[in-house]
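Listed here are the chains, written in short residue letters.
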Amino acid sequence: MDRFILTERRGEVGVITLNRPEILNAWHSPMRQQLIAAFKAFEEDESVRAIILTGAGDRAFSAGQDLNETRTFDGARGQEWVGEWERLYDAMRSLSKPLIAALNGVAAGSAFQVALLCDFRIAHPGVRMGQPEINSGIASTTGPWMMREMIGLSRTIDLTLSGRLMEANECQAIGIINRIVPQERVMDEALSLAHELAAKPPVAMRLDKQRFREMTEAGFRDCLEAGARIQREAYASGEPARMMEQFLARRAASKA
C-alpha cells in the first residue's frame, strides 16, 4: 500500500508526516483515511503524550485538496466528501493529547483548516496560509466556521471571498501562528514544545481538551450539516468541475 502518511516516535512524541511532496502534500481519500488511522493509533498508545503534524519536503505543509480527485465529483459525491472530512476532523477534535502543526510551507484550503484544528502552530517566515477554495470553484463551509471561531467574522469574510493567502507575520498578528522561527528550526521548535506539553498532567490535559471540544461542538455539527447541503448543490451545478479544469489547465501550461 502506498504510504501517503509517515509516522515515527520521538520519545513521548508521535510525529505524523503528510507524504505526497510531489504534489505539495495535497490529499485525496486514501491519504485522509491513512491520516485518520495515524491519529487513532497515537491516541490509543498510552506512551504517546503529544503529537506533531507536518509535511514532507520544504515547499508545503499541504496545498489542500487534490483537485484531480474533486474535479470528477457530482452532487452526491460532493455530499459524501463532506462526510469524509467529518471523520477526519472528528478524529482530530477527539484527541486527548496536544496536537502541534509544524508548518514547513504553505497551508491552503482544507490544509489551513487542519492547521487551525491543531492546538499550536509553529511556522517559519515563508509560510503562507489561507482559504483559496473559491478560486477553484469550491464553496467553503467548514473553513469559515473554524476561522470565525478564531479570528472573527470580518476577517473570515475577507479570506473566504477573496481567496487570498496571508503571510506568516499576518497570521501571527491575528493569533493563528503561535511562533515563527527560522525554517531549519521549525521541527526542533515543535519538538521542544511537544515535549514540554507531554510533561503536563495527562488527566488535566484530556479534560481541558474535552471542554474545548464541548464549547465548539454545536457550531461544528452545524457547519457539517450545511456543508453536505451546500456541496451537493455546488457540485450539481457543474461550476466546481469547470473551475478546477481551468485551474489545472493553467497550471499545466505554466509548467510547459
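Our subject is the structure that appears above.
Residues numbered from 1 in each chain as written. Predicted model: local features only at pLDDT ≥ 70, side-chain atom pairs only at ≥ 80, totals over all residues. Heavy atoms only, no water.

**So, unusual backbone geometry**
- At Leu 24, a position not held by glycine, the phi torsion is positive, near 60°.
- Looking at the secondary structure, you find Leu 24 in the loop between β2 (13-18) and α1 (29-44).
- The class for Leu 24 is partly exposed, based on a relative accessible area of 24%.
- Of note, the phi angle at Asn 25 is positive, near 60°, even though the residue is not glycine.
- Structurally, the position occupied by Asn 25 is in the loop between β2 and α1. (Helix = DSSP H or I, 4+ residues; strand = E, 2+ residues; numbered from the N terminus. Buried < 20%, exposed > 50% of the residue type's maximum accessible area, 1.4 Å probe, protein only.)

**Concerning the sheet that holds strand β1 (residues 5-10)**
- Read from one edge of the open sheet, 6 strands run β1-β2-β3-β5-β7-β10, paired in mixed fashion. At either margin of the open sheet sits one strand with a lone partner, and together these are β1 and β10 (179-180).
- In terms of strand pairing, β1 meets β2 through 6 bridges, oriented antiparallel. Bridge pairing in β2 places Thr 7 opposite Ile 16.
- Across the sheet, helix α8 (residues 186-198) is in contact with β1, β2, β3 (50-55), β5 (99-103), β7 (120-123) and β10; its angle to β5 comes to roughly 170°. (Pairing = 2+ DSSP bridges. Contact = heavy atoms within 4.5 Å. Axes fitted to C-alpha atoms, helices over the stretch in contact; angles between N-to-C directions.)

**Some remarks on the sheet that holds strand β6 (residues 106-108)**
- Here 4 strands make up an open sheet; going across it, the order is β4-β6-β8-β9 and the pairing mixed. Strand pairing shows two members of the sheet lacking a second neighbour, β4 (60-62) and β9 (165-167), which therefore form its edges. In this sheet, neighbouring strand axes are inclined to one another by 20° on average, regardless of whether the strands run parallel or antiparallel.
- Direction of pairing for strand β8 (residues 128-130) relative to β9: antiparallel, over a ladder of 3 bridges. Considered in β9, the bridge of Met 129 is made with Met 166.
- Each of β4, β6, β8 and β9 touches helix α4 (residues 110-117); the most contacted strand, β6, lies at about 100° to it.

Bear in mind that shape data such as this cannot, by itself, settle questions of function.
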